Amino acid sequence: MIIRKIEAQEPVVKKKLRVAAYCRVSTENDDQKESLEAQKTHYETWIKRHSDWEFAGVFYDLGISGTKADSRDGLQALLYACRTGSIDYVLTKSISRFSRNTTDCLELVRELLSYNIPIYFEKENIDTGSMESELILSIVICSNSNTPTYSF
């Protein structure tokens, strides 16, 4: 008779997805401040509702144009957290809240994807983790932009 010992396996613990959000309003008017607070609350609630997500913060800019990424402290803080491996997924209200500049937007999306961090643009229902998203994103940005478009 052959006796075979079967070792117990440790249960596999699925790592939670660390999810953050980015919000921006371009003026400091009271209605814009209320909009920013509503965005922040919406995303914090949304993230915390998912049992498989870990809340990684809400990053935001108040009263700053979305045309230049380097002038937005909240966006830069989000990017730093992504670069240092603290975030796995980013949510934002819309493409125009994330960036008003076609080149910056595509560069930021590509950078985050290089770290395997997709962005979900809620209004447009675009998740940059899918293969066709960059083309769709480019088309949407260009059609909504008042700035010259660039081909890549």
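Residues numbered from 1 in each chain as written. Predicted model: local features only at pLDDT ≥ 70, side-chain atom pairs only at ≥ 80, totals over all residues. Heavy atoms only, no water.

The subject of this paragraph is the sheet that holds strand β3 (residues 89-92). Strand order in the open sheet formed by five strands is β2-β1-β3-β4-β5, and the pairing between neighbours is mixed. Bordering the open sheet on either side are β2 (53-62) and β5 (126-127), each of which pairs with just one other strand. Bridging between strand β4 (residues 119-121) and β5 involves two bridges; their strand directions are antiparallel. For Phe121, the partnering residue across the bridge sits in β5 and is Ile126. (Pairing = 2+ DSSP bridges. Helix = DSSP H or I, 4+ residues; strand = E, 2+ residues; numbered from the N terminus.)

Here the focus is the pairing of β3. Side chains of β3 alternate between two faces, with Tyr89 and Leu91 and Val90 and Thr92 buried alike. With three bridges connecting them, β3 and β4 associate as parallel partners. Counted as the bridge partner of Thr92 is Phe121 from β4. (Buried < 20%, exposed > 50% of the residue type's maximum accessible area, 1.4 Å probe, protein only.)

Further remarks concern helix α1 (residues 30-49). The end-to-end C-alpha separation of α1 is 29 Å, in line with the 28 Å expected for 20 residues at 1.5 Å each. Buried within α1 we find Leu36, Gln39, Lys40, Tyr43, Trp46 and Ile47. Summarising the axial view, the buried residues of α1 lie within an arc of 140°, below the 170-degree limit, and thus occupy one face. Turned more than 90 degrees away from the buried face of α1, the exposed residues are Asp30, Asp31, Glu34, Lys48 and Arg49. Packed against the buried residues of α1 are β1 (17-25), β2, β3, α3 (95-98) and β4. (Expected span 1.5 Å × (residues − 1). Arc of directions from axis to C-beta. Contact = heavy atoms within 4.5 Å.)

Take the environment of Tyr120 next. Mapped onto the fold, Tyr120 is located in strand β4. By relative accessible area, Tyr120 is classed as buried at 16%. Between the C-alpha atoms of Tyr120 and Leu91, which are 29 residues apart in sequence, the distance is 4.8 Å. Leave out the neighbours within four places in its chain, and Tyr120 touches Trp46, Tyr89, Val90, Leu91, Thr92, Asn125, Ile126 and Asp127.

With that out of the way, let us pick up the confidence of the model for the protein chain. With 87% of its residues at a pLDDT of at least 70, the protein chain reaches an overall mean of 87. Within the protein chain, helix α5 (residues 133-144) has the poorest average pLDDT of any element, 66, and β3 the best, 98. Taken as a whole, residues 147-152 scores under 50 in pLDDT and shows eight contacts with residues more than four places along the chain or in a different chain. (pLDDT = per-residue confidence, 0-100.)

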